[in-house]
Amino acid sequence: MRVTSECTEDLIKRAAQALSDGNLVVFPTETVYGLGADAVNENAVARIYSVKGRPIDHPLIIHISSINGLTDWANEIPGYAIKLARSFWPGPMTLILPKKSLAKSFVTGGQGTVGLRVPSHPLALELLKQFERSGGKGVAAPSANRFGAVSPTTVEAVNDELGSYLATEDLVLDGGQSKVGIESTIIDCRGSNPVILRPGAVTVQMVEECTGTIIDLNQRSNTIRASGLLERHYSPRAQVLLGEKAEAGDGFIAMVNVKTPDGAIRLTSPTNIEEYARDLYIGLRMADQQGLSRIIVKSPEGEGLASAIRDRLNKAAFGK
Ligand code: TXA
Ligand code: MG
């Protein structure tokens, strides 16, 4: 495994070549870091599952460099999905669509659908463009963490998660801290209306305004498998408790205007909701690095990005 930060043309070429050779490339995106492989190479995709420790029936998102790649992978694309792609790509949104034969079951978890995203991080886009110029069709990439753990938003976090699982031929690209900080909004585009499977920075209101439809938040298609939908997910080793009552030695996360309880260890103090999302996973990881056993988190209030953050916090706190 080589970690590299100089974003030269040569580096991008080497990373694209590594993908073509069937190796893994960890790359930055604006949401979280992704663990990438050539989406049509069965052996390379199999390595994603073993490095991540993820069950093979959990589908992967395929990353493409532009909306032009949509029809390589997807069929029966409804008009509202095109509108969404035009409005929010490149960006933190994944569309689930009926798949074409290029999307093999080893990447879709055996389902008839495929998840597609155009990320906006410049390094990710350059990598995807270069990979496609040399004949690649798309890069399959889950978040670059072990299954069930917190997604990495920095290269240091990637190393903590996967450093001992990657091979010497694999590459890690350092693109700084992810700006959004939580995973993409996932939208099921199989029906006559969009259904949000995982909330994110492309908010319910943004989807409603773009498509002219009303989103029913209770309408989750149950025939679809998304590991981000498992009730317990995104968990640090420390126990996550939602609220404001902390004891001495507990980690504490809340907006900057909420006072740290006596003896608690402040992990992050965001000044707005975007900062809350961006720094949340760093805060959760910091607790583990410091060996804390509990993290008390005061969830942010409001709709939009705040409700996406609450979704992750509820899952991190579930059953522990
Ligand atoms: O922001 C993100 O989406 C990041 C970056 C790297 O792009 N990726 C990410 O991937 O979060 P992952 O695999 O950790 O979470 C993607 C979720 C999983 O829960 C997966 O089951 C779901 O998307 N998914 C992928 N393809 C799907 C499909 N065809 N049908 C239903 N769910 C799908
Ligand atoms: Mg993940």
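The model shown is predicted, which means the values in this text are computed figures rather than measured ones.

> Before we go on, may I ask you to explain the environment of Gly112 in this structure?
Tracing the sequence through the fold places Gly112 in the loop between helix H5 (105-108) and strand E6 (113-117). Sequence spacing of Gly112 and Lys100 is 12 residues, and the spatial spacing of their C-alpha atoms is 8.5 Å. Ignoring anything within four residues of it in the chain, the contact list for Gly112 reads Leu97, Pro98 and Lys99.

> Sorry if this is basic, but what is going on with the sheet that holds strand E11 (residues 239-242) here?
Either a parallel or an antiparallel arrangement is found when strands of a sheet pair, and the pairing is made through backbone hydrogen bonds. In space, the four strands of this open sheet follow the order E11-E14-E12-E13, with parallel pairing throughout. Each edge of the sheet is formed by a strand with only one pairing partner; in this case those strands are E11 and strand E13 (265-268). On average, each strand axis in the sheet is inclined to that of its neighbour by 30 degrees, with strand direction left out of account. Note: strand E12 (residues 251-253) against E13, three bridges, orientation parallel. Counterpart to Gly251 in the pairing with E13 is Ile265. Contacts between helix H10 (residues 305-317) and the sheet are confined to E11 and strand E14 (294-297), with E11 contributing the most and set at about 125 degrees to the helix.

> I would appreciate a short explanation of the pattern of salt bridges in the present structure.
Charged atoms that come close allow side chains of opposite charge to pair. In the structure shown here, the tally under the stated rule is 17 salt bridges. Two residues, Arg47 and Asp170, come together in a salt bridge whose shortest N-O distance is 2.7 Å. Here Asp170 lies in the loop between helix H7 (155-162) and strand E8 (171-173) and Arg47 lies in helix H2 (residues 42-52), a separation of 123 residues in the sequence. Relative accessible area serves as the criterion here: at 1%, Asp170 is assigned to the buried category. One salt bridge connects Asp279 with Arg278, and the closest N-O pair in it is separated by 3.2 Å. The class for Asp279 is buried, based on a relative accessible area of 16%.

> Is there a simple way to think about unusual backbone geometry in this case?
The linkage connecting Trp89 with the following residue, Pro90, adopts the cis geometry, with an omega of -10 degrees. For Glu76, which is not glycine, the phi dihedral falls at a positive 45 degrees.

> Where do I start with the pairing of strand E10 (residues 195-198) in this structure?
Remember that side chains alternate between the two faces of the sheet whenever the strand is regular. In this sheet, E10 lies alongside strand E9 (residues 185-188) in antiparallel orientation, the contact comprising three bridges. Its bridge partner lying in E10, Ile186 is registered against Arg198. Taking the residues that link successive antiparallel strands as the turn, the E9-E10 hairpin has six residues.

> Which parts of the structure should I look at to understand the nonpolar core?
Nonpolar side chains in soluble globular proteins tend to end up buried together. Leu35, Leu84, Leu95 and Leu116 are the most contacted members of the largest nonpolar core, which has 47 residues in total. Counting 24 residues, the second-largest nonpolar core is a separate cluster that includes Ala238, Val297, Leu305 and Ile309.

> Could you clarify how one ought to interpret the packing of aromatic side chains in this entry?
For any pair of aromatic rings, the description rests on two quantities: the centre-to-centre distance and the angle between the ring planes. The tally for this structure, following the rule as stated, stands at one aromatic pair. Taking the centre distance of 6.5 Å and the plane angle of 15 degrees together, the rings of Tyr234 and Tyr281 count as stacked. Here Tyr234 is found in the loop between helix H8 (204-211) and E11, whereas its partner Tyr281 is found in helix H9 (residues 273-289), with 47 residues between them in sequence. Just as Tyr234 is buried, Tyr281 falls in that class too. Here Arg146 stacks its cationic end above the ring of Tyr165, 3.9 Å away from the centre of that ring. Over the ring of Tyr234 we find Arg312, and its NZ or CZ is 5.4 Å from the ring centre.

Criteria and cut-off values
Residues numbered from 1 in each chain as written. Chains lettered and ligands numbered in written order. Predicted model: local features only at pLDDT ≥ 70, side-chain atom pairs only at ≥ 80, totals over all residues. Heavy atoms only, no water. Helix = DSSP H or I, 4+ residues; strand = E, 2+ residues; numbered from the N terminus. Contact = heavy atoms within 4.5 Å. Pairing = 2+ DSSP bridges. Axes fitted to C-alpha atoms, helices over the stretch in contact; angles between N-to-C directions. Salt bridge = Lys/Arg side-chain N within 4 Å of Asp/Glu carboxyl O. Buried < 20%, exposed > 50% of the residue type's maximum accessible area, 1.4 Å probe, protein only. Core = buried A, V, L, I, M, F, W, Y, C linked by side-chain atoms within 4.5 Å. Phe/Tyr/Trp six-rings, centres within 6.5 Å; stacked < 30°, edge-to-face > 60°. Lys NZ or Arg CZ within 6 Å of the ring centre and 35° of its normal.

These values are about where atoms sit, not about what they do.
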